[in-house]
Amino acid sequence: MGANHVGFIMDGNGRWATAHGLSRAEGYAYGLIALRKVAKRCEERGVKAVSVYAFSTENIARPTDEINAIFGVVEKFNLTYDGRFKICYMGDFSTLPDKLADSIESVEQRTADNEGMTLNIAFNYGGRADIIHAAKIAYDHGEFIEDTFEKNLGSSRLPALDMIVRTGGEKRLSNFMLYEAAYAELFFLDKLWPDMQESDVDALLEDFEKRTRKFGK
Ligand code: FPP
């Protein structure tokens, strides 16, 4: 069976930029080019949803210039996107600049009826915070069972997560989709995110199909 839902931890944009004599800020613009390429290839290969880690709650500790660069790339993307994906976001938008938060709402609304693959963007997102948020809602409703809990996760409307791919050489999840990762197949690439090509997506999806998934059975 092919993968329905693939998560990407898009690591290595800063290192890629430095290696090419560019600013780290420019690295994120190239990161977005890679994201468009990767997402398009996933859709062509039958993937139903792609989730990407674009900004973690911990990233806020980065230098202001770098944060502004990421926010700028994402805001521009939201305001100009006119493709066929359904764009949705998960994370805490309450502390984001108003213009950025508005751009998130606008792209979600504009693309809600699109026919293409879902591109889910984790932004100002943390896996633990998402779990705690879902648990609090379930608790408040007095229905603390797996089903009602899962309905309140950021990923609740997406298919089960089949794979997580991390580029950039590190072998950890860094607070990305921790609950959903339970039975996801993990892939770690040394390649830096802006170097990702269609052929990398093909190889990952083919590798996934060869894996035997047991779900604990
Ligand atoms: C980690 O690379 C990546 C990020 C902190 C952000 C990635 C965001 C993008 C590629 C923009 C995507 C755009 C949209 C619209 C979703 P890093 O900077 O930590 O790389 P390093 O490990 O080389 O320093």
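What this report covers is the structure whose coordinates are included nearby. (Residues numbered from 1 in each chain as written. Predicted model: local features only at pLDDT ≥ 70, side-chain atom pairs only at ≥ 80, totals over all residues. Heavy atoms only, no water.)

## Some words on the overall build of the protein chain
Phase 1 of the analysis: Across its full length, the protein chain carries seven helices and six strands.
Phase 2 of the analysis: Reading the protein chain from its N end, one meets helices and strands in the order β-α-α-β-α-β-α-β-α-α-β-β-α.
Phase 3 of the analysis: Computed over its C-alpha atoms, the radius of gyration of the protein chain comes to 17 Å, within 12% of the 17 Å expected for a compact globule of 217 residues.
Phase 4 of the analysis: By principal-axis analysis of the C-alpha atoms, the protein chain measures approximately 55 × 45 × 35 Å.
Phase 5 of the analysis: Residues classed as buried in the protein chain amount to 47% of the 217 residues present.
Phase 6 of the analysis: Here the contacts in the protein chain between residues at least 6 apart in sequence split such that 75% fall between residues at least 24 apart.
Phase 7 of the analysis: When the accessible area of the protein chain is evaluated, it comes to approximately 11400 Å², of which 52% is carbon and sulfur surface.
Phase 8 of the analysis: Side-chain charges in the protein chain split into 27 positive and 34 negative, and the spacing between the mean points of these groups amounts to 4 Å. (Helix = DSSP H or I, 4+ residues; strand = E, 2+ residues; numbered from the N terminus. Rg over C-alpha atoms; globule rule 2.2 N^0.38 Å. Buried < 20%, exposed > 50% of the residue type's maximum accessible area, 1.4 Å probe, protein only. Contact = heavy atoms within 4.5 Å. Areas by Shrake-Rupley, 256 points an atom, 1.4 Å probe, with all protein chains shown as cover. Lys, Arg positive; Asp, Glu negative; His and termini not counted. Charge placed at Lys NZ, Arg CZ, Asp CG, Glu CD.)

## Structural notes on the packing of helix α2 (residues 24-44) against helix α7 (residues 198-210)
Phase 1 of the analysis: Packing of α2 against α7 brings their axes to within 9 Å, and their N-to-C directions diverge by 45°. The orientation of α2 with respect to α7, classified from their angle, is oblique. Crossing hand, α2 versus α7: right-handed. Between α2 and α7, the contacting residues are K37, V38, R41 and C42 on the first element and E198, V201 and D202 on the second.
Phase 2 of the analysis: Considering only residue class, the contact of α2 with α7 consists of three nonpolar, no polar and four charged. (Axes fitted to C-alpha atoms, helices over the stretch in contact; angles between N-to-C directions. Parallel < 35°, antiparallel > 145°, perpendicular 65-115°, else oblique. Left-handed = near helix turned anticlockwise from the far one by under 90°. Nonpolar A, V, L, I, M, F, W, Y, C, P; charged D, E, K, R; others polar.)

## Some details on the nonpolar core
Phase 1 of the analysis: Counting 44 residues, the largest nonpolar core has F8, I87, Y89, L119, I121, F123 and M163 as the members making the most contacts within it.
Phase 2 of the analysis: Leaving out residues up to four positions away in the same chain, L119 has contacts with L35, V50, V52, F77, F85, K86, I87 and C88. (Core = buried A, V, L, I, M, F, W, Y, C linked by side-chain atoms within 4.5 Å.)

## Observations regarding the packing of aromatic side chains
Phase 1 of the analysis: For the coordinates displayed, the defined rule picks out 14 aromatic pairs.
Phase 2 of the analysis: Plain terms: the ring middles of W16 and Y30 are 4.9 Å apart, the flat faces sit at 40° to each other, and that makes the pair tilted. Linking W16 in helix α1 (residues 13-19) with Y30 in helix α2, this pair joins segments that are 14 residues apart in sequence.
Phase 3 of the analysis: For the pair Y89 and F93, a centre-to-centre distance of 6.3 Å together with 85° between the ring planes defines the contact as edge-to-face.
Phase 4 of the analysis: Take Y89: its relative accessible area is 7%, and that puts it in the buried class.
Phase 5 of the analysis: Lying across the ring of F187, R211 places its NZ or CZ 3.8 Å from the centre. (Phe/Tyr/Trp six-rings, centres within 6.5 Å; stacked < 30°, edge-to-face > 60°. Lys NZ or Arg CZ within 6 Å of the ring centre and 35° of its normal.)

## Description of the side chain of N124
Phase 1 of the analysis: Its place among the elements puts N124 in strand β4 (residues 118-125).
Phase 2 of the analysis: Residue N124 is classed as buried on the basis of its relative accessible area, which comes to 6%.
Phase 3 of the analysis: Separated by 2.9 Å, the side chain of N124 and the backbone oxygen of D92 make a polar contact. (Polar contact = N/O pair within 3.5 Å; in protein donor to acceptor, adjacent residues only side chain to side chain.)

## As for the sheet that holds strand β1 (residues 5-9)
Phase 1 of the analysis: Reading across the sheet, the six strands line up as β3-β4-β2-β1-β5-β6 and stay open at both edges, with parallel pairing between neighbours. At either end of the open sheet lies a strand with only one pairing partner, and these are β3 (86-90) and β6 (185-188). Neighbouring strand axes in the sheet, compared pairwise and without regard to direction, differ in orientation by 20° on average.
Phase 2 of the analysis: Pairing geometry for strand β5 (residues 163-166) and β6, over four bridges, is parallel. Counterpart to R166 in the pairing with β6 is F188.
Phase 3 of the analysis: Strands β2 (49-56), β3 and β4 of the sheet are contacted by helix α3 (residues 64-80), whose axis makes an angle of about 150° with β4. (Pairing = 2+ DSSP bridges.)

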